[in-house]
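Here's the letter readout for the chains.
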Amino acid sequence: MNENLFASFATPTMMGLPIVILIIMFPSILFPSPNRLINNRLISIQQWLVQLTSKQMMAIHNNKGQTWTLMLMSLILFIGSTNLLGLLPHSFTPTTQLSMNLGMAIPLWAGTVFMGFRHKTKAALAHFLPQGTPIFLIPMLVIIETISLFIQPVALAVRLTANITAGHLLMHLIGGTTLALMSISPSTALITFIILILLTILEFAVAMIQAYVFTLLVSLYLHDNT
Amino acid sequence: MASVEMWYSSPWTKSLPMRVKTKLGLPLKEKKLMEVKLGELPSWILMRDFTPKGIAGAFQRGYYRYYNKYINVKKGSVAGISMVLAAYVLFNYCRSYKELKHERRRKYH
């Protein structure tokens, strides 16, 4: 049972070849690029969604921050589509791997921090000390603020990994429970089945929300630093 | 009258439309799969372009064939992408069959 539960999170290899690269690149097939003024239905729906999201997300930034629009929009599309595809049966979700999420979080966070230090050095350094602190607390607070700054990328990555992995694991467990209970007591199995349906609805929401939260936090760090 | 050698001789024969050429007889290299006779099949397969560029071209042609038939139409439906997603599910099932084998309801695994 133990090995079965975590086997679905192992990096997929087929006959020794790492096909995880193909699985990571798969969502890009589902987003064709628009060629014309009026496109087919798939592209039109995606264009409408992207415009809605980008207006919502990039409105708070100034001109300098809005240069990051392409990056943040592709980020939210990638994480959202990867999480949603992971809800299909038997599929592998790359965002359950901490390595990939760290690879996304650290460069983006570092980019915002370095941009802040380069363009607005004084203001970026001033973030380490909130206004109106008593003088004898200053050293303590600077240390705490530095720690909280360095924990941001780790928190971004671990938040995404833990949420998606926990959701998948819970669905495996409850699904296994329902199956095992079917022969013993069908009514309890029905209750667990309803729980499974509710959990699946939650997972759909979580998939999209996690993408949104990741991108929102990166944009927040950007806002602080532009 | 219509032999393979004729097609290499005259520019006029090369400029005929495809439907005429298939009736009269094409060289093996230019035939599509459905027009190849069964006896010619091994030599036809061996003549295909297996360089990386050829394989990439094959994937590109396959992608655009599917895309233009099901998605890039005026009234595309949900069937276009759901076929892709179903194929994805099938691919992942085949990939993880080895672990799934142990979860069948059998007395002896």
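Residues numbered from 1 in each chain as written. Chains lettered and ligands numbered in written order. Predicted model: local features only at pLDDT ≥ 70, side-chain atom pairs only at ≥ 80, totals over all residues. Heavy atoms only, no water.

Per an unreviewed UniProt entry, chain B is named ATP synthase F(0) complex subunit f, mitochondrial, and its organism is Equus caballus.

Basically, it comes down to this: UniProt positions are given in the numbering used here, feature names are shortened, and annotations may be inferred rather than shown by experiment.
Looking at an unreviewed UniProt entry, one finds chain A named ATP synthase subunit a and attributed to Equus caballus. Checking UniProt for chain A, the heading Catalytic activity (unreviewed entry) contains the comment "H(+)(in) = H(+)(out)". Here chain A is described in UniProt, under the heading Subcellular location (unreviewed entry), as follows: "Mitochondrion inner membrane".

1. Things to note about the overall build of chain B
Worth spelling out the cut-off: Note on conventions: DSSP H or I runs of at least 4 residues are helices, E runs of at least 2 residues are strands, and numbering of each starts at the N terminus. Burial classes follow relative accessibility: with a 1.4 Å probe on protein chains only, a residue under 20% of its type's maximum area counts as buried, one over 50% as exposed, and anything between as partly exposed. Contacts were defined at the residue level, with two residues in contact if any of their heavy atoms lie within 4.5 Å. Using a 1.4 Å probe, accessible areas were evaluated by the Shrake-Rupley method; residue-level cover was limited to the displayed protein chains.
Looking only at helices and strands, chain B has six helices and zero strands in total. When its helices and strands are written in sequence order, chain B yields α-α-α-α-α-α. The proportion of buried residues among the 109 residues of chain B is 19%. Counting only contacts in chain B whose residues sit at least 6 apart along the sequence, the fraction spanning at least 24 positions is 0%. Approximately 9,200 Å² of chain B is accessible, and the part contributed by carbon and sulfur atoms is 64%.

2. Here we look at a nonpolar patch on the surface
Put simply, the rule reads: For patch detection, residues must exceed 30% relative accessible area and be free of salt bridges, and they are connected within 9 Å for like charges or within 5 Å for nonpolar side chains (Val, Leu, Ile, Met, Phe, Trp, Tyr). A pair is scored as a salt bridge if a Lys or Arg side-chain nitrogen falls within 4 Å of a carboxyl oxygen belonging to Asp or Glu.
A cluster of nonpolar side chains, Leu-190, Phe-193, Ile-194, Ile-197, Leu-198 and Ile-201 of chain A, forms an exposed patch at the surface whose accessible area comes to about 590 Å². If you trace the backbone, Ile-194 of chain A turns up in helix α9 (residues 186-225).

3. What about the nonpolar core?
Residues and elements named next belong to chain A. The test is simple: Take the buried residues of types Ala, Val, Leu, Ile, Met, Phe, Trp, Tyr and Cys, join any two whose side-chain atoms come within 4.5 Å, and each joined set is a nonpolar core.
Core analysis: the biggest nonpolar cluster contains 29 residues, and Leu-75, Ile-79, Met-104, Leu-156 and Phe-214 have the highest contact counts within it. If we skip the residues at most four places from it in the chain, Leu-156 touches Ala-105, Phe-214, Leu-217, Val-218 and Tyr-221. Core analysis: the second largest hydrophobic core is formed by seven residues, Val-20, Ile-23, Leu-30 and Phe-92 among them.

4. Some points on a positive patch on the surface
This is how the line gets drawn: Within this scheme the basic residues Lys and Arg register as positive and the acidic residues Asp and Glu register as negative, but His and the chain ends are omitted. For the purpose of locating charges, the reference atoms are NZ of Lys, CZ of Arg, CG of Asp and CD of Glu.
Together, Lys-98, Lys-101, Arg-104 and Arg-106 of chain B make up a positively charged patch on the protein surface. Tracing the sequence through the fold places Arg-104 of chain B in the segment after α6 (97-100).

5. Quick notes on the packing of helix α5 (residues 69-85) of chain A against helix α6 (residues 98-119) of chain A
All names here are of chain A. For the record, the criterion: Axis lines are fitted through C-alpha atoms, for helices just across the contact stretch, and the angle between N-to-C directions can take any value from 0 to 180 degrees. Oblique is the label for every angle not falling under 35 degrees (roughly parallel), over 145 degrees (roughly antiparallel), or within 65 to 115 degrees (roughly perpendicular). Take the far helix as the reference: if the near one is turned anticlockwise from it by less than a right angle, the crossing is left-handed, and if turned clockwise, right-handed. Residues were grouped as follows: Ala, Val, Leu, Ile, Met, Phe, Trp, Tyr, Cys and Pro as nonpolar; Asp, Glu, Lys and Arg as charged; and all remaining residues, including Gly, as polar.
Packing of α5 against α6 brings their axes to within 13 Å, and their N-to-C directions diverge by 165°. The orientation of α5 relative to α6 falls into the category roughly antiparallel. Here α5 runs over α6; the crossing is left-handed. From α5, Met-71, Leu-75, Phe-78 and Ile-79 reach across to α6, where they touch Met-100, Met-104 and Leu-108. Looking at the contact of α5 with α6 residue by residue, the classes come out as seven nonpolar, no polar and no charged.

6. So, the UniProt feature "transmembrane region" (unreviewed entry) in chain B
The UniProt record marks residues 76-94 of chain B with the feature "transmembrane region" (unreviewed entry), using the residue numbering of this structure. In residues 76-94 of chain B, the share of helix is 84% and the share of strand is 0%. The end C-alpha atoms are 29 Å apart.

7. Focus on the environment of Gln-47 of chain A
All names here are of chain A. Checked against the element boundaries, Gln-47 lands in helix α3 (residues 41-58). Through-space distance from the C-alpha of Gln-47 to that of Thr-133 is 47 Å; in sequence the pair is 86 residues apart. In this structure, Gln-47 is in contact with Pro-34 and Asn-39, ignoring residues within four places of it in sequence.

8. Looking at the side chain of Asn-92 of chain B
Under the convention used in this document: For the purposes of these results, a polar contact is taken to be a pair of N or O atoms within 3.5 Å, where, inside protein, one atom must be able to donate a hydrogen and its partner to accept one; residues adjacent in sequence count only when each atom of the pair is a side-chain atom.
Note on placement: Asn-92 of chain B falls in helix α5 (residues 79-95). Overall, Asn-92 of chain B belongs to the buried group, its relative accessible area being 0%. One polar contact links Asn-92 of chain B to Arg-95 of chain B, side chain to side chain, over a distance of 3.1 Å. Apart from the residues within four sequence positions on either side, Asn-92 of chain B is in contact with Ile-23, His-90, Ser-91 and Phe-92 of chain A.

9. Some remarks on the interface of chain B and chain A
Our working definition: By convention, the term buried area covers the 1.4 Å-probe accessible surface removed from two parts as they join, with the contributions of both added.
On the side of chain A, 20 residues touch chain B, which itself brings 21 residues to the contact. Of the roughly 1,900 Å² buried at the junction of chain B and chain A (both faces included), carbon and sulfur atoms supply 68%. A per-residue breakdown of the area chain B buries against chain A is headed by Tyr-88, Val-89 and Arg-95 of chain B, which together make up 31% of the total. For the pair chain B and chain A, the interface holds zero salt bridges. Where chain B packs against chain A, one counts four residue pairs in polar contact (both at pLDDT 80 or more). Elements with a minimum of two residues in the side of chain B that touches chain A: α4 (52-71), α5 and α6 of chain B. Here the residues of the side of chain B that touches chain A sort into 12 nonpolar, four polar and five charged.

10. Regarding unusual backbone geometry
Phi is mostly negative for residues that are not glycine, and the peptide bonds are mostly trans. Residues and elements named next belong to chain A. Even without being glycine, His-90 reaches a positive phi, approximately 65°. Take His-90: it is sitting in the loop between α5 and α6. Look at His-90 and you get partly exposed, because its relative accessible area is 35%.

11. Details of the environment of Tyr-88 of chain B
Relative to the helices and strands, Tyr-88 of chain B resides in helix α5. Ignoring any residue separated from it by four or fewer positions in sequence, one finds Tyr-88 of chain B in contact with Ile-23, Phe-26, Leu-85, Leu-88, Ser-91 and Phe-92 of chain A.

12. A word on the packing of α4 of chain B against α5 of chain B
All names here are of chain B. Where α4 meets α5, the closest approach of the two axes is 9 Å, and the angle between their N-to-C directions is 140°. As far as their axial angle goes, α5 and α4 are oblique. For the pair α4 and α5, contact is made by Tyr-66, Tyr-70 and Ile-71 and by Ala-79, Gly-80, Met-83 and Val-84, respectively. When grouped by side-chain class, the residues that make up the contact of α4 with α5 number six nonpolar, one polar and no charged.

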